[in-house]
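Observations on the model geometry
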Amino acid sequence: MERSRLLPLAHFITAFLCFLPAICLGVWQMLMRSPLPVPVDDPNAYYASVTAHGSIMAYVFPTLFAMGFGYAIASSAMGGVMRGEKWAWVGFFVSVVGTVIAIVPIAEGRSSVLYTFYPTLIGSPWYYVGLVLVILGSYFWIALMVINMRAWKQANPGKPVPLALFAITACAILWGWTALGAAAEVLFQILPVAFGWRHTIDAGLARTLFSITLHAIVYFWLFPTYIAYYTLMPQAAGARLYSDTMGRIAFILFLVFSIPVGMHHLFMDPEHGSGFKFVQSVLTFMVVLPTLLTVFTICASLEIAGRMRGGKGLFGWIRALPWGEPMVLAVGLSLLLLGPGGFGGLINMSFAMNAMVHNTSWVTAHFHLIFGGAVVIVYFAIAYELWPRLTGRPLVSKTLACSQLWLWFWGILITTVPWHIAGLMGQPRRYAIFDYSDPLVAKTGLLTILSVVGGIVLLCSVILFSYVLVRSFFAPLAEFMPPVRYALAVNPPASVPKLLNGFGFWTIVLLALLLISYGYPIGQFFFLRGQDSPGYSLTRELVR
Amino acid sequence: MSGENGKTWFQDAWAFTAICVLSGVMVMAFGIGFLVLPRFQRGRGPSSTRDAIHQALGFHTHEKAIGGPQPAPRIPTYVVWNESTIHQALSGDAKRGEFIAINCVACHGEKGMTSQTWIPNLAGIDPLVVYKQLDDFRSGTRVSGPMSAIAQSLTAQQTADVAAYYASLPGVPQTGGGRIPRSGRSYRSNDATERLIFAGDPKRGIAGCAACHGPGAHRLGAPGLARQNAAYIEQQLHDFAQGSRANDMNMPMRTLAGMLTEDEMHAVAAAYSSGMVEAK
C-alpha cells in the first residue's frame, strides 16, 4: 500500500473505531432516560457516558475524519504526494495520544463534566489535557492544508485552486480560528483550577469563550459533507457541478459568518446585554445564505444529472437519478434531513423563540438531527467512496451500503422526531433520570421509548457499515482502481477573481467581524470584575 | 491593505462589494439592537439614546431606590467562597490543629469519632466544612452554647488548623468523583429511602441528598454524610425544618428539610449512618 494512502486510511479507521463504542453509549443513554428497564441505572454512569459520547462525537471523530479527508484531497490535488506528510503523522499521533489521555479519566468517572465542560464543573485535568492534544494534532493539519494550497498555487500560477482543495483549506482555517475560543477557556481558565492553582473561575467568561467555538464547530463538521456535495456527488451521479463559483462563495461565506455568531447559544445567559445578542442573531441569519446557496446548487446539479440520464418533466429527473450509488443516495437523504434540521436551527437562533426551547430536549434532538443526520450520513458515503481507492480493493456491495444509509436515515428520524416533540413538551436536557410516575413526565415516556428504538436502528446501521468496510478490506485486490475524480463544473472556470482563489482578505474580514461582535462581550469581563465562583471539582479530594 | 498584483482591495469589485454589504448589515444590526429594540422592551423603554445603549449593553439604568423602612437583612452566613476564603480555609497546619483540638476531645471523641450519636463525627470531614461551621458559630449565624463559646476563642488561622487536623484523620468517607457505578440509584429503585437519597423527589421539588452530600458528588462547604451519626443528622434535619438552624447559604437545607416527613428524616439519617451509602 502506498504511504500516501496509508495516512487518510489511518485517520478514517481510528475515527470509526471511536465512533462505534460512542454509538453504543448513546443508545444506553437514551435507554437510561426512558421508562424501560436498563442495566446500571446510575446517574453518575450516565454523566460519564454523556461525556465520553460527546467528547468522541464532537471532537475526536469529526476532527480525525476531516483530517483524513483533507489529506486525501491534498494528496490527489498535489499529484499523489502532499507536502509535509511526516508532520501529518506527527499530528495524527498527537491526536490519538490525546484521545487516550482524555478517555481514561472519563472512564474512571472523574471527568463527568459533559463535553461542553460547563464550568464551574471541574473534572480531572488530564481530560482537558487530552482534548487539548486532540486539537493540537489538528493544528498540524491546518498548517499542512494552508501550505499545500499555497504550494499548489505556486505550481499553477493564475489557475483556480481545485474546489475541493479550496474548500478543505477554508475548513481548516475556520477550525484554526474557532478552536481558539475553547482552547483559551481550557488553558487560561479551567486548567489552573483543575490543577489546583486557583480555586475560582469566571463561568460567564468561560461560557462566552466557549461560544466562539460552539457554533462554528458545527460548520467544521459540516464542511466535509458540503465538500462531498459539491465535488464527489455530481461525479458519482455521472454529471457535473452546476456552478464552481457558487461553491467558492458558499465556502467563503461559511468561513466569514460561522464564528461571530456563537452568542446565540447564550441567549438566556445573564452576563450579556440584549444588544450584542441581537447583533449576533442577525449574523447567524447570514449563515443561512450559504446553506441556501448550497441547497440550490446541489439540487441544480442533481437535476442536470437526472436530465442527462433521460429524466423528463418537472420531477421525472428525480426518479432517473442513480439512487443505487451510495454517494448520490447519501446526499439526497442528507438534504432531506437538512431541511427540518435547518428550520429547527432557525428557531434556536431567533432571539425570542429560543426561550421556548432553551435547555430542553429540543436542542439535543436538533443537533443530533443536523450532525448525526445530515452530516454523518455523508461521512459514511465519503468512506464508501474513498475506501476502495485507499485500500485498492473494491467495495463488497453497493446494495448493502445503500441499505445501511437507508437504515441510518430512518434511525435518525425515529430517534430525533419524538425527541424534538418531547422537548417541546418541556422535557429538560442534561437529565439522567426522569420520574415517570409524575403525570406530567409520563407523557414523554412513549416518545423517549421511540427514540430508544431509533437508537437501536442506528446501532444496527453502524454495525452494517463496519461489516461492509471490513469485508471490503479483506476482498481481493482490484486489478485497476481509478483514482478519486472530483466533479468538474458545467462551465469549468479558466480563471477566477483572485478574492475567490485565496483566503487572505476573508481572514481579515473574519477577524474584523470577530472583534466587532465579541470585543465588548469578552472585554467587559476584564473591567466588570468580581464574578468568579468556586470551581466545583469532581475529583476534589482531601489534602492529607 | 493590498491584494495581489499591487491592486488594493478597495479597487477590487468583489472586496468593495463585500465590505459595503457587511458594513450595511452591521450598521443595521447595531442600529436595531442598540437603539430601536431597547425602546420597546417591557413597555417602558429608556428615555435617551444613551440609556438605550446602556440597556442593550446590559447595564441597569432604571433601578430606583425603594422608599420607606426596610426589614433588616437576615444573613445566613458570613463565609463567601472566593479565592481568599478557600485559600485560607485550606491553609491550616494539622500539627497545630491537633494541639488546639485537645479542647474538642471531650465531645467529639479521641480521634474525631464519638460514641455519642447526637454529636457529629469530625474525622475525615472536608476542611471547608469545619472552617465554615466554626466561622458561623463564631459569628452567631449558627447557635450552640458550647460551640459558640469555643469558636469565639479561635482565630481564623486556628480554625483552619483544626479543620486541617480533622481532615487528616481517617473516618467519614469523603465525597467526590471516581465512584464505581451501581444499579438501583434512580427512580427505578424499589427502596424509597435510596430513591430519596440518590434521585430525590421532583414532585415535591426535593433534590437527591447525594447531589451535595455524596457519595459521588459534593458541594462546596457541604459535609459528606456517610458514617455520620444518625441522631445528629436527624436533629439537624429537624432544626433546618423548624428554621432554628439557618446557616445554609441560599437555604437549600431549610427548603428541603421542611418538606421531609418525620419518617423520611429518620430513614435518611439511618441510611447514611449505617454505611448503606458508601463512597465506593
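Observations regarding the interface of chain B and chain A
Taken together, the 64 residues of chain B in the interface contact 58 residues of chain A. In total, chain B and chain A occlude about 4,900 Å² of area from one another, counting both sides; carbon and sulfur atoms represent 63% of this. When the area that chain B buries against chain A is broken down by residue, the three leading residues are Trp14, Glu83 and Arg188 of chain B, summing to 15%. In this structure, Glu83 of chain B and Arg198 of chain A form a salt bridge, with 3.4 Å as the shortest nitrogen-oxygen distance. Counting across the chain B and chain A interface gives 17 residue pairs in polar contact (both at pLDDT 80 or more). Only helix H1 (13-36), helix H2 (49-57), helix H3 (83-89), helix H6 (127-139) and helix H8 (156-168) of chain B provide two or more residues apiece to the side of chain B that touches chain A.

What to know about unusual backbone geometry
Cis peptide bonds are those with omega within 30 degrees of zero, and the linkage from Pro119 of chain A to Thr120 of chain A qualifies with 25°. A positive phi angle, close to 60°, is found at Arg430 of chain A, a residue other than glycine. Considering the arrangement of structural elements, one finds Arg430 of chain A in the loop between helix H13 (398-424) and helix H14 (439-442). For Arg227 of chain B, which is not glycine, the phi dihedral falls at a positive 65°. For Arg227 of chain B, the position within the fold is in the loop between helix H10 (210-213) and helix H11 (230-242). According to the relative accessible area criterion, Arg227 of chain B is partly exposed, its value standing at 40%.

Description of the pattern of salt bridges
Evaluation of the coordinates by the stated rule reveals 16 salt bridges over all chains. Salt-bridge contacts for Asp435 of chain A lead to Lys203 of chain B; the nearest nitrogen and oxygen are separated by 3.9 Å. Of the two residues, Asp435 of chain A is situated in the loop between H13 and H14 and Lys203 of chain B in the loop between helix H9 (192-198) and H10; the pairing between them involves two chains. For Asp435 of chain A, a relative accessible area of 10% corresponds to the buried category. Accessibility expressed as a relative area gives 45% for Lys203 of chain B, which makes it partly exposed. By sharing partners, the salt bridges in this structure join Arg198 and Asp532 of chain A together with Glu83 of chain B into a single network.

As for helix H13 (residues 262-274) of chain B
Residue and element names in this part refer to chain B. Here H13 spans 18 Å end to end across 13 residues, near enough to the 18 Å set by a 1.5 Å rise per residue. For H13, the full list of buried residues reads Met265, Val268, Ala269, Ala271 and Tyr272. Looking down the long axis of H13, one finds its buried residues gathered within 160° of arc, a one-sided arrangement. Along H13, exposed side chains directed more than 90 degrees from the buried face belong to Glu262 and Asp263. If you follow the buried residues of H13, they end up packed against H9, H10, H11 and helix H12 (252-257). Positive backbone phi, at 80°, marks Gly275, one or two positions downstream of H13.

What about the confidence of the model for chain B?
Residues and elements named next belong to chain B. Summarising the model, chain B shows a mean pLDDT of 86, and 87% of its residues fall at 70 or more. By mean pLDDT, the top-scoring element of chain B is H11 (96), and the lowest-scoring one is H2 (85). Model confidence for the complex: the whole-complex pTM is 0.92, and ipTM, which rates the interface, is 0.87.

Topic: the packing of aromatic side chains
Residue and element names in this part refer to chain A. Tallied over the entire structure, the rule returns 54 aromatic pairs over all chains. Consider the rings of Phe16 and Phe65, whose centres lie 5.9 Å apart with planes at 80°: the pair is edge-to-face. In this pair, Phe16 is assigned in helix H1 (residues 3-33) and Phe65 in helix H2 (residues 43-77), connecting sequence segments 49 residues apart. Both residues of the pair, Phe16 and Phe65, belong to the buried class. Taking 4.6 Å as the distance between ring centres and 50° as the angle between the ring planes, the aromatic pair formed by Phe380 and Phe465 counts as tilted. Here Phe380 is found in helix H12 (residues 361-391), whereas its partner Phe465 is found in helix H15 (residues 445-473), with 85 residues between them in sequence. Residue classification places Phe380 among the buried residues on the basis of a relative accessible area of 0%. Ring-pair connections join several aromatic residues into one group, and the members of that group are Phe12, Phe16, Phe19, Phe61, Phe65, Phe69, Tyr379, Phe380, Tyr384, Trp408 and Phe465. Here the guanidinium or amino end of Arg248 rests over the ring plane of Phe166, the centre of that ring lying 5.1 Å away.

Rules of the game
- Residues numbered from 1 in each chain as written.
- Chains lettered and ligands numbered in written order.
- Predicted model: local features only at pLDDT ≥ 70, side-chain atom pairs only at ≥ 80, totals over all residues.
- Heavy atoms only, no water.
- Contact = heavy atoms within 4.5 Å.
- Buried area = accessible area lost by both parts, 1.4 Å probe.
- Salt bridge = Lys/Arg side-chain N within 4 Å of Asp/Glu carboxyl O.
- Polar contact = N/O pair within 3.5 Å; in protein donor to acceptor, adjacent residues only side chain to side chain.
- Helix = DSSP H or I, 4+ residues; strand = E, 2+ residues; numbered from the N terminus.
- Buried < 20%, exposed > 50% of the residue type's maximum accessible area, 1.4 Å probe, protein only.
- Expected span 1.5 Å × (residues − 1).
- Arc of directions from axis to C-beta.
- pLDDT = per-residue confidence, 0-100.
- Phe/Tyr/Trp six-rings, centres within 6.5 Å; stacked < 30°, edge-to-face > 60°.
- Lys NZ or Arg CZ within 6 Å of the ring centre and 35° of its normal.

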